[in-house]
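Chain by chain, the residues run as shown.
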Amino acid sequence: MKVWYRVRDLDAGSAFYTGTLGFEEVFRDEEARWAQLRRGDMDIALWEAKGDEGGVASVTVPDVKAEADRLRDAGVEVGVIVELHGQVRIVDVFDPDGNRIQFTEEVA
């Protein structure tokens, strides 16, 4: 599981998490403007975006399409599956109170 945080400036956000909080940047995608950071067994990701959206938990599953179908059949609100750069499939799922959880599948 990984938690994603929106930041206004990826460089400044990464500098805070690495320099102040002791995380290590283990991956960065300059084009998509996001980075993965790790401290011990905790992984977080930062993505640069405008808006008021806060953090989101991200859970890796072996098959996003199958998980989305299973959850829809169970009456859960499920968003549209998106594939990013041929690397990852993502779908948003919402709990009964509207909290968003992301399910991801690595495809590359």
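Please refer to the structure placed before this passage.
Calculation rules
Residues numbered from 1 in each chain as written. Predicted model: local features only at pLDDT ≥ 70, side-chain atom pairs only at ≥ 80, totals over all residues. Heavy atoms only, no water. Buried < 20%, exposed > 50% of the residue type's maximum accessible area, 1.4 Å probe, protein only. Helix = DSSP H or I, 4+ residues; strand = E, 2+ residues; numbered from the N terminus. Pairing = 2+ DSSP bridges. Arc of directions from axis to C-beta. Contact = heavy atoms within 4.5 Å. Polar contact = N/O pair within 3.5 Å; in protein donor to acceptor, adjacent residues only side chain to side chain. Phe/Tyr/Trp six-rings, centres within 6.5 Å; stacked < 30°, edge-to-face > 60°.

Student: Looking at this model, I keep getting lost on the pairing of strand E4 (residues 42-48). Mind explaining?
Tutor: Each regular strand carries side chains that alternate between the two faces of the sheet. Within E4, five of the seven residues are buried, leaving the element largely enclosed by the surrounding structure. Here strand E1 (residues 2-7) pairs with E4 via five bridges, running parallel. Following the sheet pairing, Trp 4 is matched in E4 by Ala 45. The pairing of strand E3 (residues 34-39) with E4 spans six bridges and is antiparallel. Paired with Leu 37 across the bridge in E4 is Ile 44.

Student: What is the right way to look at unusual backbone geometry in this model?
Tutor: Glycine aside, a negative phi is what most residues show, and trans is what most peptide bonds show. Positive phi outside glycine occurs at Arg 33, with the angle close to 60°. Locating Arg 33 in the fold gives a position in the loop between strand E2 (24-29) and E3. The exposure class assigned to Arg 33 is buried, which follows from its relative accessible area of 18%. A positive phi is found at His 85, a non-glycine position, where the angle reads about 50°. Here His 85 is to be found in the loop between strand E7 (82-84) and strand E8 (88-94).

Student: How should I be thinking about helix H1 (residues 10-20) in this particular structure?
Tutor: Residue pairs three or four apart in sequence face the same way in an α-helix, which turns once every 3.6 residues. Taken together, the buried positions of H1 are Leu 10, Gly 13, Ser 14 and Tyr 17. An end-on view of H1 places all buried positions within 95° of arc, on one side of the element. Exposed residues on H1 whose side chains face more than 90 degrees from its buried face are Gly 19 and Thr 20. Buried residues along H1 sit in contact with E1, E2, E3 and E4. Where H1 begins, the capping side chain belongs to Asp 9, and its oxygen is found 2.9 Å from the backbone nitrogen of Asp 11. Within two residues after H1, Gly 22 carries a phi angle of roughly 85°, on the positive side.

Student: Would you take a moment to explain the packing of aromatic side chains for this structure?
Tutor: In this description, an aromatic ring pair is defined by two values, namely the gap between the centres and the angle between the planes. Across all of its chains, the model carries six aromatic pairs by this definition. Between the aromatic rings of Tyr 5 and Tyr 17, the centroid separation amounts to 6.3 Å while the plane-to-plane angle is 20°, which identifies the pairing as stacked. Note that Tyr 5 is positioned in strand E1 and Tyr 17 in helix H1, a separation of 12 residues in sequence. Given a relative accessible area of 17%, Tyr 17 falls into the buried group. Where Phe 16 meets Tyr 17, the ring centres are 5.4 Å apart and the plane angle is 85°; that geometry is what we call edge-to-face. What links up through ring pairs into an aromatic cluster is the set Trp 4, Phe 27, Trp 34 and Trp 47.

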